[in-house]
Amino acid sequence: MEELRPLLLSIAYRMLGTFGDAEDVVQEAYLRLHREPTVKSPKAFLTTVTTRLAIDQLRSARRQREQYLGPWLPEPAVDEYVDLADRAALSDSLSTAFLVVLERLSPDQRAVFLLGDVFGYSYDDLAGILGKTPANCRQLAVRARRRIADNRPRFDPSPKERDELVRRFVAAAERGELEALVTLLTPDVTFTGDGGGKGGFPRPVHGAMNVARMLIGAFGKFGGLRTEPVHVGGQPALRIYADQTIAIWSFVVADARINAIHGIVNPDKLAHLQPSAPPPPR
């Protein structure tokens, strides 16, 4: 039954956006399974309990996030450190940009969309997991897809071109080349920083010139910090670090330019990337 843990963690993390909460939910699901020795299908039982616990946790978390200082972003699932993509086709569903879009859905809509569209569960399966009718699940899925359609990030198809663009971005920012940096950004680019009141920016920065100036200022303050290109959900990202990870910046690249940057500097959300952290979910 332990072989099911990666699947359950994949579901729970995509539902909640935090590793600690995902681990807690999956652990509770296993504890409940051990108290039910007559379960005929452990996979169905564990998936159902994990999903329902995640829905309850998400409802509670959203009330707590109303008190959060500044923008809230999910903990970054850095591909080089965390493996929650069961196959390449699932990797985009781990990108920060995509998880931010999922925040627009109700907990039930999020569960139906993820289990149905990402993990391939049927409406009959979803009905059993959520305790609803197949028709109800179909309606939830339609509403979820409608809400996602207008907001889902568009990713340029070539990983090589995306990575090269971010390399040029870092070079221009490090050299303080304002005009060169502006040309790498879309006019409506947005930088969203999550510091949780412990750093970063209290509100998003909009527009190519404003974002470029802010980025050059930020790079000027890095001092002895180093940068490492990484990926989050298959999309280009930047790890900023000294002895420990200081920030993860995730990029959305569309039409050969950077359309959005999500910067996480809240140390609580980077704990799983630190040298002393326990091994992350794989």
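Remember, predicted model here, so these are calculated numbers, not experimental data.

A. Up close: the sheet that holds strand E2 (residues 205–206). Overall, mixed pairing links the 6 strands, which are arranged E2-E1-E6-E5-E4-E3 in an open sheet. Looking along the sheet, the strands with just one partner apiece sit at the ends: E2 and strand E3 (226–232). By the bridge criterion, 7 bridges tie E3 to strand E4 (residues 235–241) in an arrangement that is antiparallel. From the neighbouring strand, Glu228 faces E4, where its bridge partner is Arg239. Across the face of the sheet, helix H10 (residues 208–221) comes into contact with strand E1 (185–194), E2, E3, E4, strand E5 (245–254) and strand E6 (257–264) while running at roughly 50° to E1.

B. Fine view of the packing of helix H5 (residues 107–118) against helix H7 (residues 134–149). One way to put it is that H5 packs onto H7 with a least axis distance of 8 Å and a crossing angle of 90°. The orientation of H5 with respect to H7, classified from their angle, is roughly perpendicular. Across the interface between the two elements, Asp108, Gln109, Val112, Phe113 and Asp117 from H5 touch Cys137, Leu140, Ala141, Arg143, Ala144, Arg145, Arg147 and Ile148 from H7.

C. Quick look at the environment of Val26. Within the secondary structure, Val26 sits in helix H2 (residues 19–34). On the basis of relative accessible area, Val26 is assigned to the buried category, the value being 0%. For Val26 and Gln244, which are 218 residues apart along the polypeptide, the C-alpha to C-alpha distance reads 28 Å. For Val26, the contacting residues outside a window of four places in its chain are Arg5, Leu8, Leu9, Ala12 and Thr50.

D. Quick look at the environment of Asp194. With respect to the helices, strands and loops of the structure, Asp194 is situated in strand E1. In the structure, Asp194 is positioned 70 residues away from Ile264 in sequence and 4.8 Å away in space, judged by C-alpha atoms. Setting aside anything within four residues of it in sequence, one finds Asp194 in contact with Tyr68, Pro71, Trp72, Leu73, Gly263, Ile264, Val265, Asn266 and Lys269. Side chain to side chain, Asp194 and Lys269 meet in a polar contact 2.5 Å long.

E. Local environment of the pattern of salt bridges. Across all of its chains, the model carries 12 salt bridges by this definition. Its salt-bridge partner being Arg5, residue Glu2 comes within 2.8 Å of it at the nearest N-O pair. Arg145 is paired through a salt bridge with Asp117; the nearest N and O atoms lie 2.9 Å apart. Residue Arg145 is located in helix H7, and its partner Asp117 is located in helix H5; the two are separated by 28 residues in the primary sequence.

F. Molecular detail of helix H6 (residues 123–130). The complete set of buried residues in H6 reads Leu126, Ala127, Ile129 and Leu130. The arc that holds the buried residues of H6, viewed along the axis, is 165°, so those residues lie on one side. Tucked inside the fold, the buried residues of H6 contact helix H3 (42–65), H5 and H7. Looking one or two residues beyond H6, the residue adopting positive phi is Gly131, at roughly 70°.

G. Main features of the nonpolar core. Judged by nonpolar contacts, the single largest core of 48 residues is most densely connected at Tyr13, Met15, Leu102 and Phe113. Mapped by element, the contributors of at least two residues to this core are helix H1 (5–16), H2, H3, helix H4 (96–102), H5, H6 and H7. For this core, the element with the highest residue contribution is H1, accounting for 8 residues. Formed by 28 residues, the second largest nonpolar core is a distinct cluster that contains Phe169, Leu181, Ala208 and Leu238.

H. A look at the packing of aromatic side chains. In total, this model carries 6 aromatic pairs according to the counting rule given. Measuring from centroid to centroid gives 4.5 Å for Tyr13 and Phe19, while their planes differ by 10°, and the two rings are stacked. The residues Tyr13 and Phe19 share a single accessibility class, namely buried. An aromatic cluster is present here, built from Phe169, Phe191, Phe219, Trp249 and Phe251 joined pairwise through their rings. The lysine or arginine in question, Arg239, covers the ring of Tyr241, its NZ or CZ lying 4.1 Å from the ring centre.

What counts and what doesn't
- Residues numbered from 1 in each chain as written.
- Predicted model: local features only at pLDDT ≥ 70, side-chain atom pairs only at ≥ 80, totals over all residues.
- Heavy atoms only, no water.
- Pairing = 2+ DSSP bridges.
- Helix = DSSP H or I, 4+ residues; strand = E, 2+ residues; numbered from the N terminus.
- Contact = heavy atoms within 4.5 Å.
- Axes fitted to C-alpha atoms, helices over the stretch in contact; angles between N-to-C directions.
- Parallel < 35°, antiparallel > 145°, perpendicular 65-115°, else oblique.
- Buried < 20%, exposed > 50% of the residue type's maximum accessible area, 1.4 Å probe, protein only.
- Polar contact = N/O pair within 3.5 Å; in protein donor to acceptor, adjacent residues only side chain to side chain.
- Salt bridge = Lys/Arg side-chain N within 4 Å of Asp/Glu carboxyl O.
- Arc of directions from axis to C-beta.
- Core = buried A, V, L, I, M, F, W, Y, C linked by side-chain atoms within 4.5 Å.
- Phe/Tyr/Trp six-rings, centres within 6.5 Å; stacked < 30°, edge-to-face > 60°.
- Lys NZ or Arg CZ within 6 Å of the ring centre and 35° of its normal.

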